[in-house]
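Listed below, chain by chain, are the residues.
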Amino acid sequence: MKQSEKFEKEVSSLVIEGAEIVERASSADDSLQGAELARFTTWVSRTGNIIKRLYSSDSQYSQNYDAALRTEGFYIVHSNWHGHVSQIHGILCAVKYDIENGLVDDIKGLLQA
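Quantities reported herein were computed from a predicted structural model and do not represent experimental measurements.

### Describing the pattern of salt bridges
Now for step 1: Within this structure, the stated rule accounts for seven salt bridges.
Now for step 2: One salt bridge in this structure joins Glu10 and Arg46, with 2.9 Å as the shortest N-O distance. With Glu10 in helix α1 (residues 3-27) and Arg46 in helix α2 (residues 34-54), this pair connects stretches of sequence that are 36 residues apart.
Now for step 3: Here Glu10 falls in the partly exposed class, since its relative accessible area comes to 24%.

As structure tokens, this is what we get:
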């Protein structure tokens, strides 16, 4: 499998996982804890890595991601406090759109940079 295919697969996987996390967060009576919080943290970290490798720090995606990270109480996630989770998922969906529609010209070149 080519590096660019692995990258596209990773983004697709993150989008799917993000949808699951958003769904869980929107119905959680209490703040996510334990394994669920660890899964959320891992997803946020993997997502940040992808965004930072593909886009410059002054891109809209990077700025939106960084703004979501600055949300007060970022790791408090439950049904009444999960907008920041949806924001990050939305950014990932936009990245996936860019890849699928050829808006990221040379993924392999960007990954090596």
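### Focus on the packing of α2 against helix α4 (residues 83-100)
Now for step 1: Axis separation between α2 and α4 bottoms out at 11 Å; the angle between their running directions is 40°. In terms of orientation, α2 and α4 fall into the oblique class. Judged by the twist between their axes, the crossing of α2 over α4 is left-handed. On α4, the residues that touch Phe40, Trp43, Val44, Thr47, Ile50, Ile51 and Leu54 of α2 are His84, Val85, Ile88, His89, Ile91, Leu92, Val95 and Ile99.
Now for step 2: Partitioned by chemical class, the residues of the contact of α2 with α4 number 12 nonpolar, three polar and no charged.

Calculation rules
Residues numbered from 1 in each chain as written. Predicted model: local features only at pLDDT ≥ 70, side-chain atom pairs only at ≥ 80, totals over all residues. Heavy atoms only, no water. Salt bridge = Lys/Arg side-chain N within 4 Å of Asp/Glu carboxyl O. Helix = DSSP H or I, 4+ residues; strand = E, 2+ residues; numbered from the N terminus. Buried < 20%, exposed > 50% of the residue type's maximum accessible area, 1.4 Å probe, protein only. Axes fitted to C-alpha atoms, helices over the stretch in contact; angles between N-to-C directions. Parallel < 35°, antiparallel > 145°, perpendicular 65-115°, else oblique. Left-handed = near helix turned anticlockwise from the far one by under 90°. Contact = heavy atoms within 4.5 Å. Nonpolar A, V, L, I, M, F, W, Y, C, P; charged D, E, K, R; others polar.

No statement about biological role is implied by the geometric values presented.
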